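Structural description and commentary
Below, each chain spelled out in residue letters.
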Amino acid sequence: MINEDAIKAYLFERFRDISSVDIKKLGSGVQGSGFLIEMKTREGEKSYVVKTLLPEGFGHDYPSDRAGVFLLDLDEYKNLPGHVKAVDVLAELEDGSVKSVGGGTEYYLLMEKVEGRDYFNDLNSMAHKERLARQDIEKIQAMARYLAGIHAFKKDSKTLYWRKLRDTVGHGECLMGVFDIYPDGTVPYEVMTNIIRKSVDWVYKLKPRYNRLSQIHGDFHPGNIWFKEDGGQRSAVSSQPVHPAPCDFILLDRSRGPWGEPADDVTALAINYLFFSIKKHGDVRGAYQEGLELFFEEYIGASGDREITEVVAPFFAFRAAVVANPVFYPELGPEARQKIFRFADSVLSSEAFSFESVNEYL
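Nothing here was measured: the structure is a model prediction, and the numbers come from that model.

1. Details of the packing of helix H8 (residues 262-281) against helix H9 (residues 286-303)
For the pair H8 and H9, the least separation of the axes is 9 Å and the interaxial angle reads 165 degrees. Classified by the angle their axes make, H8 and H9 are roughly antiparallel. Viewed along their axes, H8 and H9 form a crossing whose handedness is left-handed. In this structure, H8 contributes Pro262, Val266, Leu269, Ala270, Tyr273, Leu274, Phe276, Ser277 and His281 to the contact, and H9 contributes Tyr288, Gly291, Leu292, Phe295, Phe296 and Tyr299. Split into classes, the residues belonging to the contact of H8 with H9 amount to 12 nonpolar, three polar and no charged.

Take a look at the structure:
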């Protein structure tokens, strides 16, 4: 159903010459419903249709998905000869009111400002360490326990779990989309095709595990994890202000929906221990190897998720495609890039990931 009172209030504001409004449901289809709006004006009767989309399936699961569909409709209906015209896109707000959001040519997000140092700084510093320092260990423990904490919130939705699997391979920001921005000639198409094909196989292998659907961040990589020293802001670990601590951090840029497979967050961070070590040493060693193992051990211990190593493969493939992309990391050499792709292919070919034996995948 739609909020008839709010729709009518919008119409009286938008069309100042109307005297009455009547709303009737026309019918429903597999994706949504249509409602007839009949308005009496000084010039006679005017009729419009309001369209809604069902909030599940077809990639319409989140309000932003449905907004995107309707904003595209508003932009493009007018550009095709003989097509019905769209008038506006309406948003229902938390207070029940309705307002127009149509007509924009670009959109912007206003956020709070944060201060600190992103985790890339720590990863760079590990290049000169054989072992992790105490502060390194504390930060890895904090990140692993944070993920275990948010992943403890589960949701019963086969649709959303399957969507996360599908998006990991096919979304424009994920595996296939990242491959599409590789400069031609960087990696042979057959190598990309092999990674995609094996990842699709994993999508259908993991579909029965939809009970794993959890709250996630969605882009838990080092640039989005900011550690701070002053304790003056609210911590990602706690909702309350805390005293200064080396493992107090705040997060940026949650992405691609609030629900998904925990492996998405785990691999987003874990791939960086491999990437930085391969870039520096040619394999995974020293503080990087210790960091990778500690991160998995801490996460499994805090979450109790002993299935995690059995589901990471397609998510590692996506993250490997990210760190091996010269658009993002132009300093990576061809030999190191080949090792990262061998890692992705080897993990996709394995039943489970053994983080203690990571160099065997290279």
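2. A word on the packing of helix H7 (residues 189-206) against helix H10 (residues 313-323)
Relative orientation of the contacting elements H7 and H10 amounts to 150 degrees, with a least axis distance of 9 Å. At the point where H7 passes H10, the crossing takes the left-handed sense. Residue-level inspection shows Ile195, Ser199, Trp202 and Leu206 of H7 in contact with H10, the latter providing Ala313, Pro314, Phe315 and Ala317. Looking at side-chain class alone, the contact of H7 with H10 contains seven nonpolar, one polar and no charged residues.

3. A word on the environment of Arg197
Along the chain, Arg197 turns up in helix H7. Owing to a relative accessible area of 48%, Arg197 belongs among the partly exposed residues under this scheme. Arg197 sits 151 residues away from Leu348 along the chain, and the two C-alpha atoms are 9.9 Å apart.

4. Things to note about a nonpolar patch on the surface
On the surface, Ile181, Val327 and Phe328 cluster together to form a nonpolar patch covering roughly 250 Å² of accessible area. Turning to its location among the elements, Ile181 is positioned in the loop between helix H6 (175-180) and H7.

5. A word on the packing of aromatic side chains
For the coordinates displayed, the defined rule picks out 21 aromatic pairs. Taking the centre distance of 5.3 Å and the plane angle of 80 degrees together, the rings of Phe275 and Phe276 count as edge-to-face. Classification of Phe276 by relative accessible area gives buried; the value is 4%. Both rings, one in Phe343 and one in Phe353, keep their centres 6.0 Å apart while their planes meet at 90 degrees; by these two values the pair is edge-to-face. In this pair, Phe343 sits in helix H11 (residues 334-348) while Phe353 sits in the segment after H11, placing the two residues 10 residues apart along the sequence. Ring-pair connections join several aromatic residues into one group, and the members of that group are Phe295, Phe296, Phe316, Phe343, Phe353, Phe355 and Tyr361.

6. Quick look at unusual backbone geometry
A positive phi angle, close to 60 degrees, is found at Phe58, a residue other than glycine. Phi at Arg256 takes a positive value of approximately 60 degrees, unusual for a residue other than glycine. Summarising the element assignment, Arg256 is placed in the loop between strand S9 (249-251) and strand S10 (259-260). Judged by relative accessible area, which is 19%, Arg256 ranks as buried.

Parameters at a glance
Residues numbered from 1 in each chain as written. Predicted model: local features only at pLDDT ≥ 70, side-chain atom pairs only at ≥ 80, totals over all residues. Heavy atoms only, no water. Axes fitted to C-alpha atoms, helices over the stretch in contact; angles between N-to-C directions. Helix = DSSP H or I, 4+ residues; strand = E, 2+ residues; numbered from the N terminus. Parallel < 35°, antiparallel > 145°, perpendicular 65-115°, else oblique. Left-handed = near helix turned anticlockwise from the far one by under 90°. Contact = heavy atoms within 4.5 Å. Nonpolar A, V, L, I, M, F, W, Y, C, P; charged D, E, K, R; others polar. Buried < 20%, exposed > 50% of the residue type's maximum accessible area, 1.4 Å probe, protein only. Patch = residues over 30% accessible without salt bridge, like charges linked within 9 Å, V, L, I, M, F, W, Y side chains within 5 Å. Areas by Shrake-Rupley, 256 points an atom, 1.4 Å probe, with all protein chains shown as cover. Salt bridge = Lys/Arg side-chain N within 4 Å of Asp/Glu carboxyl O. Phe/Tyr/Trp six-rings, centres within 6.5 Å; stacked < 30°, edge-to-face > 60°.

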